[in-house]
Amino acid sequence: MASYPNVTVMDHPLIQHKITLLRDKNTNVRDFRALCTEISMLMAFEAMRDLPLEPTEVETPLATATVNRLAGKKLALVAILRAGLIMADGILNLVPSARVGHLGLYRDHETLKPVQYFRKLPSDIAERNVFVLDPMLATGGSAIAALDVLKDLNIASIKLLCILGAPEGVEAVHKAHPDIPVILGALDSHLNDKGYIVPGLGDAGDRIYGTR
Ligand code: PRP
Ligand code: URA
């Protein structure tokens, strides 16, 4: 796969370790959920690396100090249903006041094309930094459809966060939306003939919610 300046693959040992546990077919539903939440929090650190700061004064017990606090736009998380919800839960632990939007998309099992069935977004989303959340970037169809919806709303700042990505999905997203930064927990080998990420972790939604 070509390397893209907008694509960051997390190389932190803790994230790699947790993703290894996530991949294991013997990891149970409870642990799977907890791991997704934890990995999402760690990925959010990378996604927030470039948040602007502004100086402020604080009285410590010893002195008055000029220090930094976050400035600029507030955050909105857009969870691609179903599996993206677990990532929103994780990041809300770090940024509890973030607004949360929901985009219902499922992948038709025959065509592998995304079908939109639900959409509810914060009314002020255009004024916010937006993180689009989905654990799996496979063909890229769902992510591209979500980014199409958000770009139509003139949102200036959007990042896509996925726990696992396939090269096919990364390339498709880059082709459709080259301006969108993509943050991946890990980049896998390829897609199989059913559009599943290999080695991957299986069906994320089914493993989070215990469905099949
Ligand atoms: C999964 C996953 C992504 C999509 C990725 O969702 O959570 O949304 O597939 O595949 P793509 O990159 O080829 O579009 P799924 O359609 O299984 O829905 P679910 O989360 O409701 O189970
Ligand atoms: N969606 C999933 O949940 N898993 C895959 O491997 C591909 C798409």
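Structure first, text after, so check above.
Computed from a prediction, not measured in an experiment: that's the story for all the values here.

Cut-offs and rules
- Residues numbered from 1 in each chain as written.
- Chains lettered and ligands numbered in written order.
- Predicted model: local features only at pLDDT ≥ 70, side-chain atom pairs only at ≥ 80, totals over all residues.
- Heavy atoms only, no water.
- Salt bridge = Lys/Arg side-chain N within 4 Å of Asp/Glu carboxyl O.
- Helix = DSSP H or I, 4+ residues; strand = E, 2+ residues; numbered from the N terminus.
- Buried < 20%, exposed > 50% of the residue type's maximum accessible area, 1.4 Å probe, protein only.
- Near = heavy atom within 4 Å.
- Polar contact = N/O pair within 3.5 Å; in protein donor to acceptor, adjacent residues only side chain to side chain.
- Areas by Shrake-Rupley, 256 points an atom, 1.4 Å probe, with all protein chains shown as cover.
- Nonpolar A, V, L, I, M, F, W, Y, C, P; charged D, E, K, R; others polar.
- Phe/Tyr/Trp six-rings, centres within 6.5 Å; stacked < 30°, edge-to-face > 60°.
- Lys NZ or Arg CZ within 6 Å of the ring centre and 35° of its normal.
- Patch = residues over 30% accessible without salt bridge, like charges linked within 9 Å, V, L, I, M, F, W, Y side chains within 5 Å.
- Axes fitted to C-alpha atoms, helices over the stretch in contact; angles between N-to-C directions.
- Parallel < 35°, antiparallel > 145°, perpendicular 65-115°, else oblique.
- Left-handed = near helix turned anticlockwise from the far one by under 90°.
- Contact = heavy atoms within 4.5 Å.
- Core = buried A, V, L, I, M, F, W, Y, C linked by side-chain atoms within 4.5 Å.

### Notes on the pattern of salt bridges
Alright, step 1. Within the structure shown, the criterion is met by 9 salt bridges.
Alright, step 2. A salt bridge links Lys159 to Asp50, with the nearest nitrogen and oxygen atoms 2.9 Å apart. Residue Lys159 is located in strand S9 (residues 157-165), and its partner Asp50 is located in the loop between helix H2 (29-47) and strand S2 (53-59); the two are separated by 109 residues in the primary sequence.
Alright, step 3. The exposure class assigned to Lys159 is buried, which follows from its relative accessible area of 11%.
Alright, step 4. Judged by relative accessible area, which is 53%, Asp50 ranks as exposed.

### What to know about the site of ligand 1
Alright, step 1. Within the structure, ligand 1 sits among 15 residues, and Arg107, Asp134, Thr139, Gly140 and Ser142 are positioned closest to it.
Alright, step 2. In the model, an oxygen atom of ligand 1 is placed 2.4 Å from a nitrogen or oxygen of the Asp134 side chain.
Alright, step 3. Thr139 has a polar side-chain atom sitting 2.5 Å from an oxygen atom of ligand 1.
Alright, step 4. Relative to its unbound accessible surface of 500 Å², ligand 1 loses 92% to contact with the protein.
Alright, step 5. Taken together, the residues of the shell around ligand 1 sort by class into 6 nonpolar, 5 polar and 4 charged.

### Section: the packing of aromatic side chains
Alright, step 1. Throughout the structure, instances matching the rule amount to 1 aromatic pair.
Alright, step 2. Measuring from centroid to centroid gives 6.0 Å for Tyr106 and Tyr117, while their planes differ by 40 degrees, and the two rings are tilted. Taken together, the positions of Tyr106 in strand S5 (residues 99-107) and Tyr117 in strand S6 (residues 114-120) put the pair 11 residues apart, joining distant regions of the chain.
Alright, step 3. In this structure Tyr106 comes out as partly exposed when scored by relative accessible area, which is 42%.
Alright, step 4. Residue classification places Tyr117 among the partly exposed positions, given a relative accessible area of 43%.
Alright, step 5. Sitting above the plane of the Tyr196 ring, Arg107 keeps its charged end 5.8 Å from the centroid.

### Overview of a nonpolar patch on the surface
Alright, step 1. A grouping of Tyr106, Val115, Tyr117 and Phe118 is seen on the molecular surface, where their side chains present a nonpolar patch of about 370 Å² in accessible area.
Alright, step 2. Broken down by element, the residue count for the nonpolar patch peaks at 3 residues, all from S6.
Alright, step 3. Tracing the chain through its elements places Val115 in strand S6.

### Details of the site of ligand 2
Alright, step 1. In the vicinity of ligand 2, the contacting residues are Arg107, Met136, Ala138, Gly195, Tyr196, Ile197, Gly202, Asp203 and Ala204.
Alright, step 2. One of the backbone nitrogen or oxygen atoms of Ile197 is found 2.8 Å away from an oxygen atom of ligand 2.
Alright, step 3. With respect to ligand 2, the backbone of Gly202 contributes an N or O atom lying 2.8 Å from a nitrogen atom.
Alright, step 4. Expressed as a share of its isolated accessible area of 240 Å², the protein-covered part of ligand 2 is 89%.

### So, the packing of helix H4 (residues 141-151) against helix H5 (residues 167-176)
Alright, step 1. At a minimum axis separation of 9 Å, H4 and H5 run at an interaxial angle of 25 degrees. Considered as vectors, H4 and H5 are oriented roughly parallel to each other. Between H4 and H5 the crossing geometry is right-handed. Counting all contacts with H4, which are made through Ala143, Ile144 and Leu147, the residues of H5 involved are Ala172, Val173 and Ala176.
Alright, step 2. Residue classes in the contact of H4 with H5 are distributed as 6 nonpolar, no polar and no charged.

### With respect to the nonpolar core
Alright, step 1. Counting 37 residues, the largest nonpolar core has Leu161 and Ile163 as its most contacted members.
Alright, step 2. Sorting the residues of this core by element identifies helix H1 (13-23), H2, strand S4 (75-81), helix H3 (84-94), strand S7 (129-133), S9, strand S10 (182-187) and helix H6 (204-209) as the ones contributing at least two each.
Alright, step 3. Looking at this core, the element that brings in the most residues is H2, giving 7 residues.
Alright, step 4. Apart from the residues within four sequence positions on either side, Ile163 is in contact with Ile19, Leu22, Cys36, Ile39, Ser40, Met43, Met87, Asp134, Pro135, Leu184, Gly185 and Ala186.
Alright, step 5. Counting residues in each nonpolar core, the second largest holds 28 residues, with Val78, Leu103, Val130 and Val173 among its members.

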